[in-house]
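Structural features, examined
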Amino acid sequence: SIAAYFMEEVAPGALQKKPLRLNDLPFTIKDLEESGCFAYKVDMSGDWEKAVEKYSEDVGMKNRDVVKINPVTMPNFDEKLAIFFEEHLHTDPEVRFIMEGSGYFDIRDVQDRWVRIPVAKGDLLFLPAGIYHRFTTDEKDSIVAMRFFKDAPRWEAHNRSKQETEEMVERKEYVKGIK
Ligand code: KMT
Ligand code: NI
């Protein structure tokens, strides 16, 4: 289910959980890779843990935890979701393996257009350090994801700003890398 598309921009709130497909223009795996992102479908009928573990070692992020995002078990769900949906970047890659449920990762492409990446069970997603992105659940409001990190988690979100995030080393490296 990794079939990304250009998305319509809406105000944060209930609408963010709708598919919001803007047009029929394709946004392919190759386009994703040009943005420095990788998306894989892992065969869940096989030894998926081994495949996921190998991938995480290959990208140097062998530590992990599991996050369950839903309104029933997650305290302050709406506030957390609002934070996930703020446009931001990180100083480490964001690597996620979807174990259950579904949702949307939105990234800015090389032309700064929003691209929506639907994810569901079995999807492995790599977003590079420095890329602007955000996350939301879909209307089912439920996802379980494995999150990967290096020796220590660096999950601080740096919300997009005109100057500060543009001047971060990781942002500059990212922009240089996609040119
Ligand atoms: C993040 O960093 O946005 C999250 O951990 C939530 C998304 S994981 C499905
Ligand atoms: Ni993030």
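Residues numbered from 1 in each chain as written. Chains lettered and ligands numbered in written order. Predicted model: local features only at pLDDT ≥ 70, side-chain atom pairs only at ≥ 80, totals over all residues. Heavy atoms only, no water.

So, the site of ligand 1
Taken together, Ile 69, Phe 84, Glu 94, Arg 96, Phe 105, Phe 135, Ala 145 and Arg 147 are the residues near ligand 1. A distance of 3.5 Å separates an oxygen atom of ligand 1 from a polar atom in the side chain of Glu 94. In this structure, an oxygen atom belonging to ligand 1 sits 2.8 Å away from a side-chain N or O atom of Arg 96. If ligand 1 stood free it would expose 290 Å²; the protein chains cover 96% of that surface. When contributions to the shell around ligand 1 are tallied by element, the ones reaching two or more residues are strand E5 (94-108) and strand E9 (143-149). Broken down by element, the shell around ligand 1 gets its largest block of residues, three residues, from E5. A breakdown of the residues in the shell around ligand 1 according to their chemical character gives five nonpolar, no polar and three charged. (Near = heavy atom within 4 Å. Polar contact = N/O pair within 3.5 Å; in protein donor to acceptor, adjacent residues only side chain to side chain. Areas by Shrake-Rupley, 256 points an atom, 1.4 Å probe, with all protein chains shown as cover. Helix = DSSP H or I, 4+ residues; strand = E, 2+ residues; numbered from the N terminus. Nonpolar A, V, L, I, M, F, W, Y, C, P; charged D, E, K, R; others polar.)

Notes on the coordination of the nickel ion (ligand 2)
Donor atoms from the polypeptide that bind the nickel ion (ligand 2) are His 88 (NE2), His 90 (NE2), Glu 94 (OE) and His 133 (NE2), placed at 2.0 to 2.1 Å. Classification of the site at the nickel ion (ligand 2) rests on its four donor atoms, whose angles at the metal span 84 to 174°, yielding the label irregular. Expressed as a motif, the donor residue spacing for the nickel ion (ligand 2) is H-x1-H-x3-E-x38-H. Here His 88 is found in strand E4 (residues 88-89), whereas its partner His 133 is found in strand E8 (residues 133-137), with 45 residues between them in sequence. Classification of His 133 by relative accessible area gives buried; the value is 1%. (Donors = N, O, S within 2.8 Å, 3.2 Å for Na, K, Ca; no water. Tetrahedral: all angles 85-135°; square planar, octahedral: opposite > 155°, others 65-115°. Buried < 20%, exposed > 50% of the residue type's maximum accessible area, 1.4 Å probe, protein only.)

Observations regarding the nonpolar core
Counting 25 residues, the largest nonpolar core has Leu 32, Phe 105, Ile 107, Ile 117 and Val 119 as the members making the most contacts within it. Every element with two or more residues in this core is listed here: strand E3 (63-69), helix H3 (77-84), E5, strand E6 (114-120), strand E7 (123-127) and E9. When sequence neighbours within four positions are dropped, the list of residues in contact with Ile 107 reads Leu 32, Ser 35, Cys 37, Arg 113, Trp 114, Val 115, Ile 117, Leu 127, Ile 131, Tyr 132 and His 133. One finds Tyr 55, Phe 97, Val 144 and Met 146 within the second-largest nonpolar core, a separate group that totals 13 residues. (Core = buried A, V, L, I, M, F, W, Y, C linked by side-chain atoms within 4.5 Å. Contact = heavy atoms within 4.5 Å.)

Here's the deal with the packing of aromatic side chains
The full count for this structure, using the stated rule, is seven aromatic pairs. When the centroid spacing of 5.4 Å and the interplanar angle of 85° are considered together, the rings of Phe 6 and Phe 27 count as edge-to-face. Here Phe 6 is found in strand E1 (residues 5-6), whereas its partner Phe 27 is found in the loop between E1 and helix H1 (29-34), with 21 residues between them in sequence. The class for Phe 27 is buried, based on a relative accessible area of 8%. Considering the side-chain rings of Phe 84 and Phe 135, the 6.1 Å spacing of their centres and the 80° angle between planes classify their relative orientation as edge-to-face. With Phe 84 in helix H3 and Phe 135 in strand E8, this residue pair connects regions lying 51 residues apart in the sequence. Judged by its relative accessible area of 25%, Phe 84 falls in the partly exposed class. Among the aromatic residues, those joined into a cluster by ring pairs are Phe 84, Phe 105 and Phe 135. (Phe/Tyr/Trp six-rings, centres within 6.5 Å; stacked < 30°, edge-to-face > 60°.)

A closer look at helix H2 (residues 48-58)
Within H2 the residues assigned to the buried category are Trp 48, Val 52, Tyr 55 and Ser 56. Down the axis of H2, the buried set is contained in an arc of 95°. They therefore lie on one face. Those residues of H2 that are exposed and angled more than 90 degrees off the buried face are Lys 50, Lys 54 and Asp 58. If you follow the buried residues of H2, they end up packed against strand E2 (38-41), E5, E7 and E9. Among the residues trailing H2, Gly 60 stands out with phi positive, at a value near 70°. (Arc of directions from axis to C-beta.)

Things to note about the environment of Ile 83
For Ile 83, the position within the fold is in helix H3. As for Ile 83 and Arg 134, which are separated by 51 residues in sequence, their C-alpha atoms are 8.7 Å apart.

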